[in-house]
Every structure is written in C-alpha cells, then in structure tokens.
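# Structural description and commentary
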Amino acid sequence: SFLLRDLPFDIIEFVAYEQLKQGYSKMVDRPLQPVEASAMGAIAGAFTGAVTTPLDVIKTRLMVQGSTAQYKGLVDAFRVILREEGPRAFFKGVGPRVTWIGIGGSVFFGALVSNNSGTYCCFAYGDLNLSLMLPMQEKSKEILGVGDTK
C-alpha cells in the first residue's frame, strides 16, 4: 500500500508544491505568505490526487478482493480493470479525492509556512504506514541530533 500509492504521492506532491512555490515567489519577488502557501498546497494536493488516482484504484481493488482472488497481482489488476471496465475505471472517485486532498494540502502547507521552519522531518507510524512531513523546531533538531543546532 505504501509503496504503491503513498510514496509516489508524497514525492509528486512535494515536488509540485516546491515548483509552484518557487515560480510564484519569483513572480512576486518575495517569500510566500501563509495564505499563498495554502493556495499552492491546495493546487499541489489536488494535482497529485488526480495523478495518483489510478494507483489508488488498483490498491483499493487489491485490498478488497478478499479470498476471491480476482486479481493475481498489481499488473494483473491493471490489465483486468482496463479490459473489463476501460480506462475511465482508473479515475473512479477522482472528484472527491481531488477535493479532499486539495483541502488537506491547503491546510498542511499553509501551516508549514506559518510555522516558519522550512526543515522537514519524515516520520513513519508503526503498521499504519502513515508518513508525515513535519517541520522541525530547533529543540526537536537538538533532541534528534540532526541539523545545525548551534
């Protein structure tokens, strides 16, 4: 689940956000304000949600198939869905997904810029495969022994 959907999602979202942020910052010739970062985060999140929807559809189908074993694996799931339902099937639920992830990106990146940290730290939480990119404050850096803590 993590490798199929979450890892590509995180990579695409952060790259999209950084590209939007850099382009906008150059255009206005100043760093982003929190409300602007929130808007860039919403765009990056919505874009990433749309682009990764096919991966989410395949992952979900594999997870809910249960003992019926309709699909033999990732490639087989892709082929069967494409053959039986057509390419549009890979974008089922794209509207709600884009909306939800766009809102999440807005809140996350807006809060990140509001925090004025700029340093990211990745955490994975147990078996949930939940990865969070959290800004690190100086005390956190000192505790974890990373970065320049002076």
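Heads up: these notes are all about the structure in this document. Only a predicted model underlies this, so the values are computations on that prediction, with no experimental measurement involved.

## Considering the nonpolar core
Listed in full, the 10 residues of the largest apolar core are Phe14, Ala16, Tyr17, Leu32, Ala37, Met40, Ala44, Phe109, Leu112 and Val113. Of all the elements in the fold, those that place two or more residues in this core are helix H1 (2-28), helix H2 (34-51) and helix H5 (94-114). Core analysis: the next-biggest nonpolar cluster, separate from the first, contains seven residues, Ile58, Ala77, Val80 and Phe90 among them.

## Structural notes on helix H3 (residues 53-64)
With 12 residues, H3 extends 16 Å from end C-alpha to end C-alpha; this agrees with the ideal 16 Å at 1.5 Å per step. Along H3, the residues that are buried comprise Thr53, Pro54, Asp56, Val57, Ile58, Lys59 and Arg61. At the C-terminal side of H3, glycine 66 shows a positive phi close to 60 degrees.

## With respect to the side chain of threonine 52
By the element assignment, threonine 52 lies in the loop between H2 and H3. Looking at threonine 52, its side chain comes within polar contact range of the main-chain oxygen of threonine 48, at 2.7 Å. A distance of 2.7 Å separates polar atoms of two side chains, one belonging to threonine 52 and the other to arginine 97. Not counting the four nearest positions on each side in its chain, threonine 52 is found in contact with Phe9, Ile12 and Arg97.

## Comments concerning H2
Counted at 1.5 Å a residue, the expected span for H2 with its 18 residues is 26 Å, and the 25 Å between its end C-alpha atoms agrees. Along H2, the positions that sit buried rather than exposed are Glu36, Ala37, Ser38, Met40, Gly41, Ala44, Gly45, Ala46, Thr48 and Gly49.

## Some words on the environment of alanine 111
Counting through the fold element by element, alanine 111 comes out in helix H5. Each C-alpha atom of the pair alanine 111 and serine 38 lies 7.7 Å from the other, and the pair is 73 residues apart in sequence.

Conventions we followed
- Residues numbered from 1 in each chain as written.
- Predicted model: local features only at pLDDT ≥ 70, side-chain atom pairs only at ≥ 80, totals over all residues.
- Heavy atoms only, no water.
- Core = buried A, V, L, I, M, F, W, Y, C linked by side-chain atoms within 4.5 Å.
- Buried < 20%, exposed > 50% of the residue type's maximum accessible area, 1.4 Å probe, protein only.
- Helix = DSSP H or I, 4+ residues; strand = E, 2+ residues; numbered from the N terminus.
- Expected span 1.5 Å × (residues − 1).
- Polar contact = N/O pair within 3.5 Å; in protein donor to acceptor, adjacent residues only side chain to side chain.
- Contact = heavy atoms within 4.5 Å.

Remember that the coordinates give geometry; whether it matters functionally is a separate question.
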